[in-house]
Amino acid sequence: MTGGIVTRAAHAKVNAFLRVLGRREDGYHELESLVIPLDLTDSLTIRPARELRVDVRGATELVDAVNAGGMNLALVAALALAEECDPVAGAVIEISKRIPVAAGLGGGSADAAAALHALNEFWGCGIEAGALTAIAERVGSDVPSLLAGGPVVMRGRGEWVHDALVPTTSWAVKSLDFPTRSPDAYRWWDEDGAVTGPDPAALYASAESGSLATLGPALFNDLEGPVSRRHPEVADTKAAFLEAGALGALMSGSGPAVAALARTPQDAERLAAAVPGAFVAAGLARMG
Ligand code: C5P
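The structure reproduced in this document is the subject of the present report. A quick note: this is a predicted structure, and the numbers were derived from the prediction, not measured.

**Remarks on the overall build of the protein**
The helix and strand inventory of the protein stands at 11 helices and 11 strands. Taken against the 2.2 N^0.38 rule, which gives 19 Å for 288 residues, the C-alpha radius of gyration of the protein at 18 Å falls within 12% of a compact globule. Seen through its C-alpha atoms, the protein measures out along the principal axes to roughly 55 × 40 × 35 Å. Burial status across the protein gives 52% buried among its 288 residues. Within the protein, counting contacts between residues at least 6 apart in sequence, those at least 24 apart form 75% of the total. In the form shown here, the protein has an accessible surface area of approximately 12,200 Å², with 53% of it arising from carbon and sulfur atoms. Here the protein carries 23 positive and 35 negative side-chain charges, and the mean point of each set is 2 Å from the other.

In structure tokens, the structure reads:
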């Protein structure tokens with residue numbers, strides 16, 4: 001089916017909990033996390049081309065930040081897929097960027113996941129879900145969870161994903177104006193004495209049943225302490241959201257973005273208005 005134009009939304013994510021179980025022999029960390037896609041998206045458009053390349057558009061600071069991050073993860077994904085499917089032509093992957101970069105909101109991984117889906121269709125590869133997840137895993141630890149198209153519990157290094165039946169949620173999110181690199185956040189966790197959060201079974205049950213008042217105070221991220229110690233703005237932002245009446249708040253992923261859980265979309269608007277620079281995002285239930 002090479003030839004047509006394929007478009008796809010790449011959804012940002014928030015981690016409602018992120019539990020670091022330990023450092024592995026290979027340097028990665030064993031994780032457990034509830035990953036919820038947000039209605040905040042980048043847009044991908046795939047167009048026919050002889051070569052394979054990525055073209056990033058959007059606000060200058062976003063485009064510059066993406067380009068400063070080395071090889072685009074969507075291109076890494078495209079190359080990994082091309083190895084499996086041997087397409088006869090290339091593609092231009094146009095990414096219209098809105099998701100803050102290196103914020104813990106999974107923007108680069110979401111672009112990579114969307115590129116895998118879109119190119120699988122564009123090149124007519126016909127690679128099924130399990131095999132696509134295996135390719136996603138090679139591209140980056142967060143990519144399998146963002147390929148899933150709905151809330152998931154992720155385990156292992158990120159490669160083990162299981163659908164989570166979480167209803168729609170309302171969040172206010174603030175992306176701080178400095179990036180955090182995942183290797184640093186995990187190294188700080190090692191250096192600071194490796195605290196592992198509680199068994200998330202009760203948190204997960206609250207999330208599934210939509211018991212927001214129980215879910216809010218239970219949200220946690222084991223990387224938050226180590227990152228906040230080096231970047232107090234993270235703790236300050238969390239405190240500002242809680243002061244404004246959030247049910248709970250936590251740093252997302254390896255940070256530094258902070259997400260606050262609200263009772264309703266209107267409450268999320270109120271929280272975002274109370275914390276300068278914050279915006280509203282809906283946590284999505286399974287799509288399609
Ligand atoms: O897989 P990815 O390339 O996204 O990982 C980036 C870095 O984040 C890894 O090199 C590692 O330092 C850290 N990481 C980790 N444990 C994970 C995921 C990422 O230590 N489960």
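**Details of the pattern of salt bridges**
Under the defined criterion, the tally for this structure stands at 22 salt bridges. The salt bridge partner of Asp 42 is Lys 97, with a shortest N-O separation of 2.5 Å. Here Asp 42 is found in strand β2 (residues 29-47), whereas its partner Lys 97 is found in strand β4 (residues 91-97), with 55 residues between them in sequence. Neither Asp 42 nor Lys 97 differs from the other in exposure class; each is buried.

**So, the site of the ligand**
Taken together, Gly 27, Tyr 28, His 29, Leu 31, Gly 140, Ser 141, Arg 157, Ser 182, Pro 183 and Tyr 186 form the complete shell of residues around the ligand. Between Ser 141 and the ligand, the recorded distance is 2.5 Å, taken from a side-chain N or O atom to an oxygen atom. Backbone polar atom of Arg 157 to a nitrogen atom of the ligand: 3.0 Å apart, as the coordinates give it. With the chains in place, 73% of the 450 Å² that the ligand exposes on its own is no longer accessible.

**A look at helix α1 (residues 60-68)**
When we look at burial in α1, the residues that qualify are Leu 62, Val 63 and Val 66. Buried residues in α1, looked at end-on, bunch into an arc of 95°, giving them a common side. Of the exposed residues in α1, those oriented more than 90 degrees away from the buried face are Thr 60, Glu 61 and Ala 68. Positive phi appears at Gly 70, one or two residues downstream of α1, with a value of about 85°.

**What about the nonpolar core?**
In globular proteins that are soluble, nonpolar side chains generally tend to be buried together. Ranked by internal contacts, the top residues of the largest apolar core, which has 62 residues, are Leu 81, Leu 116, Leu 119, Trp 123 and Phe 241. Counting residues per element, this core draws most heavily on helix α3 (residues 107-122), which supplies nine residues. If we ignore the near neighbours within four places in the chain, the residues touching Phe 241 are Ala 172, Val 173, Lys 174, Ala 246, Ala 249, Val 258, Ala 260, Leu 271, Val 275 and Ala 278.

**Some thoughts on the pairing of strand β6 (residues 160-163)**
Sheet topology places strand β5 (residues 152-156) next to β6; four bridges connect them, and they run antiparallel. Note that in β6 the partner of Val 152 across the bridge is Asp 163.

**Some details on the state of the cysteines**
For the structure shown, the criterion picks out one disulfide. Across a sulfur-sulfur distance of 2.3 Å, Cys 85 and Cys 125 are joined as a disulfide pair. Note on the Cys 85 and Cys 125 pair: the S-S dihedral is about -65°, so by sign convention the disulfide is left-handed. In this pair, Cys 85 sits in helix α2 (residues 73-85) while Cys 125 sits in the loop between α3 and α4 (129-139), placing the two residues 40 residues apart along the sequence.

**Description of the packing of aromatic side chains**
All chains considered together, the criterion is met by one aromatic pair. Ring centres of Phe 17 and Phe 220 lie 5.7 Å apart, and the angle between their planes is 20°; this geometry places the pair in the stacked category. One end of the pair, Phe 17, is in strand β1 (residues 6-23); the other, Phe 220, is in strand β8 (residues 220-221), and 203 residues separate them in sequence. A relative accessible area of 2% places Phe 17 in the buried class. It is Arg 157 that lies over the ring of Tyr 28; its NZ or CZ is 4.5 Å from the centre.

**Quick look at the packing of α2 against α4**
Between α2 and α4, the shortest axis-to-axis distance is 9 Å and the interhelical angle comes to 135°. By the angle between their axes, α2 is oblique relative to α4. Relative to α4, α2 is oriented so that their crossing is right-handed. Contacts from Leu 73, Val 76, Ala 77, Ala 80, Leu 81, Glu 83 and Glu 84 in α2 reach Leu 132, Ile 135, Arg 138 and Val 139 in α4. Residue composition of the contact of α2 with α4, by class: eight nonpolar, no polar and three charged.

Criteria and cut-off values
- Residues numbered from 1 in each chain as written.
- Predicted model: local features only at pLDDT ≥ 70, side-chain atom pairs only at ≥ 80, totals over all residues.
- Heavy atoms only, no water.
- Helix = DSSP H or I, 4+ residues; strand = E, 2+ residues; numbered from the N terminus.
- Rg over C-alpha atoms; globule rule 2.2 N^0.38 Å.
- Buried < 20%, exposed > 50% of the residue type's maximum accessible area, 1.4 Å probe, protein only.
- Contact = heavy atoms within 4.5 Å.
- Areas by Shrake-Rupley, 256 points an atom, 1.4 Å probe, with all protein chains shown as cover.
- Lys, Arg positive; Asp, Glu negative; His and termini not counted.
- Charge placed at Lys NZ, Arg CZ, Asp CG, Glu CD.
- Salt bridge = Lys/Arg side-chain N within 4 Å of Asp/Glu carboxyl O.
- Near = heavy atom within 4 Å.
- Polar contact = N/O pair within 3.5 Å; in protein donor to acceptor, adjacent residues only side chain to side chain.
- Arc of directions from axis to C-beta.
- Core = buried A, V, L, I, M, F, W, Y, C linked by side-chain atoms within 4.5 Å.
- Pairing = 2+ DSSP bridges.
- Disulfide = S-S within 2.5 Å.
- Phe/Tyr/Trp six-rings, centres within 6.5 Å; stacked < 30°, edge-to-face > 60°.
- Lys NZ or Arg CZ within 6 Å of the ring centre and 35° of its normal.
- Axes fitted to C-alpha atoms, helices over the stretch in contact; angles between N-to-C directions.
- Parallel < 35°, antiparallel > 145°, perpendicular 65-115°, else oblique.
- Left-handed = near helix turned anticlockwise from the far one by under 90°.
- Nonpolar A, V, L, I, M, F, W, Y, C, P; charged D, E, K, R; others polar.

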